[in-house]
Amino acid sequence: MLSVHGRKPAAVIVEPAAKAMLKLGLSPNIVTVAGAIITIAIAVVFIPTGHLVWAAVLSGLFAAFDMVDGTMARLRGGGTKFGATLDATCDRITDGALFAAITWWLIYSYDAHPSLVIASLIVLVSSQVISYVKARGEASGFTMVGGLVERPERLILGLGGIGLQGLGVPYAIDIALWILAVGSIITIVQRLVIAAKSPNAQDVIAPPAGAKEAAH
């Protein structure tokens, strides 16, 4: 939801940052990779060691690179197909690192109930599936817009949960993960329904390379 409606308000901060980085001679792809590496490092170092507030604040800060690089590409006249692929790949890796680190902390530091660990694993897997369904649908020519829990909601709830937990708010991470687990499953179903209702959903596709075609 926020990925659709939140870009205009964020542009007030993101555009000046993008212009400044272009003046420094940085390319959108460099910013994409740098942001991903730093975000991953923050997640896998700070969360397992219990520095939850710092992890939430710093991860949130560097997650903003996800909007900066796209704005940089637009200001340069438009992004490239490789740039979009690189950006999506880095997003999937950083999301995986974040929720893997949270799961690690739940098991080894939080003494979480097994059901909460399962909820965290559902979020870890479904975060990848949500993005894959969209990418595969768009590759098939579908218009895949919206969904209950997209990446901005996932980051806000995940980072907000660990940040509040680090500040001493009881069960903050528990509530955040259960909301995300249920919301993510709903989002997968929503996107599959969007794909199923698309005008060309029943078009026949070519068989994969090496497969035998149906006999006529």
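Residues numbered from 1 in each chain as written. Predicted model: local features only at pLDDT ≥ 70, side-chain atom pairs only at ≥ 80, totals over all residues. Heavy atoms only, no water.

- The name given to the chain in an unreviewed UniProt entry is Phosphatidylinositol phosphate synthase, and the organism recorded there is Corynebacterium testudinoris.
- Regarding the chain, the UniProt comment filed under Sequence similarities (unreviewed entry) reads as follows: "Belongs to the CDP-alcohol phosphatidyltransferase class-I family."
- Quoted verbatim from the Subunit (unreviewed entry) field of UniProt, the annotation for the chain is "Homodimer." (UniProt positions renumbered as here; feature names shortened; annotations may be inferred.)

## Overview of unusual backbone geometry
Thinking step 1. Of note, the phi angle at Asp111 is positive, near 55 degrees, even though the residue is not glycine.
Thinking step 2. You can see Asp111 is positioned in the loop between helix 6 (81-108) and helix 7 (114-139).
Thinking step 3. The backbone phi angle of Tyr171 is positive, close to 65 degrees, even though this residue is not glycine.
Thinking step 4. Take Tyr171: it is sitting in the loop between helix 8 (151-166) and helix 9 (172-196).
Thinking step 5. On the basis of relative accessible area, Tyr171 is assigned to the exposed category, the value being 56%. (Helix = DSSP H or I, 4+ residues; strand = E, 2+ residues; numbered from the N terminus. Buried < 20%, exposed > 50% of the residue type's maximum accessible area, 1.4 Å probe, protein only.)

## Observations concerning the nonpolar core
Thinking step 1. Among the nonpolar cores identified, the biggest contains 24 residues, and Ile47, Ile102, Leu106, Ile162 and Leu177 are the most heavily contacted of them.
Thinking step 2. Counting residues per element, the ones that place at least two in this core are helix 4 (52-63), helix 6, helix 7, helix 8 and helix 9.
Thinking step 3. Ranked by size, the runner-up nonpolar core spans 6 residues in total, among them Val14, Ala18, Met21 and Val68. (Core = buried A, V, L, I, M, F, W, Y, C linked by side-chain atoms within 4.5 Å.)

## Structural notes on helix 4
Thinking step 1. Between its first and last C-alpha, helix 4 extends 16 Å over 12 residues, near the 16 Å set by a 1.5 Å rise per residue.
Thinking step 2. What helix 4 keeps buried is the set Leu52, Ala55, Ala56 and Ser59. Angular distribution of buried residues about the axis of helix 4 spans 95 degrees; they occupy a single face of the element. Among the exposed residues of helix 4, those oriented more than 90 degrees off its buried face are Trp54 and Leu61. (Expected span 1.5 Å × (residues − 1). Arc of directions from axis to C-beta.)

## Comments concerning the UniProt feature "binding site: Mg(2+) 1" (unreviewed entry) in the chain
Thinking step 1. Cross-referencing UniProt, the feature "binding site: Mg(2+) 1" (unreviewed entry) maps to Asp66, Asp69 and Asp87 in the present numbering. On the basis of their most widely separated C-alpha atoms, the annotated residues across 22 residues gather in one place, lying no more than 8.5 Å apart.
Thinking step 2. Mapped onto the secondary structure, Asp66 falls in helix 5 (residues 65-75).
Thinking step 3. Among the residues examined, Asp66 registers a relative accessible area of 26% and is labelled partly exposed.
Thinking step 4. Mapping Asp69 onto the fold places it in helix 5.
Thinking step 5. In this structure Asp69 touches Pro28, Val31, Thr32 and Asp87, once residues within four positions along its chain are discounted.
Thinking step 6. Among the polar contacts listed, one links the side chain of Asp69 to the side chain of Thr32, at a separation of 2.5 Å. (Contact = heavy atoms within 4.5 Å. Polar contact = N/O pair within 3.5 Å; in protein donor to acceptor, adjacent residues only side chain to side chain.)

## Observations concerning the environment of Ile40
Thinking step 1. When you line up the elements, Ile40 lands in helix 3 (residues 28-46).
Thinking step 2. In this structure the C-alpha to C-alpha distance between Ile40 and Thr85, which are 45 residues apart in sequence, comes to 18 Å.
Thinking step 3. When near neighbours in sequence (up to four residues on either side) are disregarded, Ile40 contacts Ile93, Thr94 and Ala97.

## Structural notes on the environment of Cys90
Thinking step 1. Assignment of secondary structure puts Cys90 in helix 6.
Thinking step 2. Judged by relative accessible area, which is 11%, Cys90 ranks as buried.
Thinking step 3. Measuring from C-alpha to C-alpha, the distance between Cys90 and Val14 comes to 19 Å, with 76 residues separating the pair along the chain.

## Notes on the pattern of salt bridges
Thinking step 1. Inspection of the entire model under this criterion finds 6 salt bridges.
Thinking step 2. The salt bridge partner of Asp91 is Arg151, with a shortest N-O separation of 3.4 Å. Pair noted here: Asp91 is in helix 6 and Arg151 is in helix 8, with a separation of 60 residues, a long-range link.
Thinking step 3. Given a relative accessible area of 13%, Arg151 falls into the buried group.
Thinking step 4. Ionic contacts of the salt-bridge type, sharing partners, join the residues Asp91, Arg92, Asp95, Arg151 and Arg154 into one network. (Salt bridge = Lys/Arg side-chain N within 4 Å of Asp/Glu carboxyl O.)

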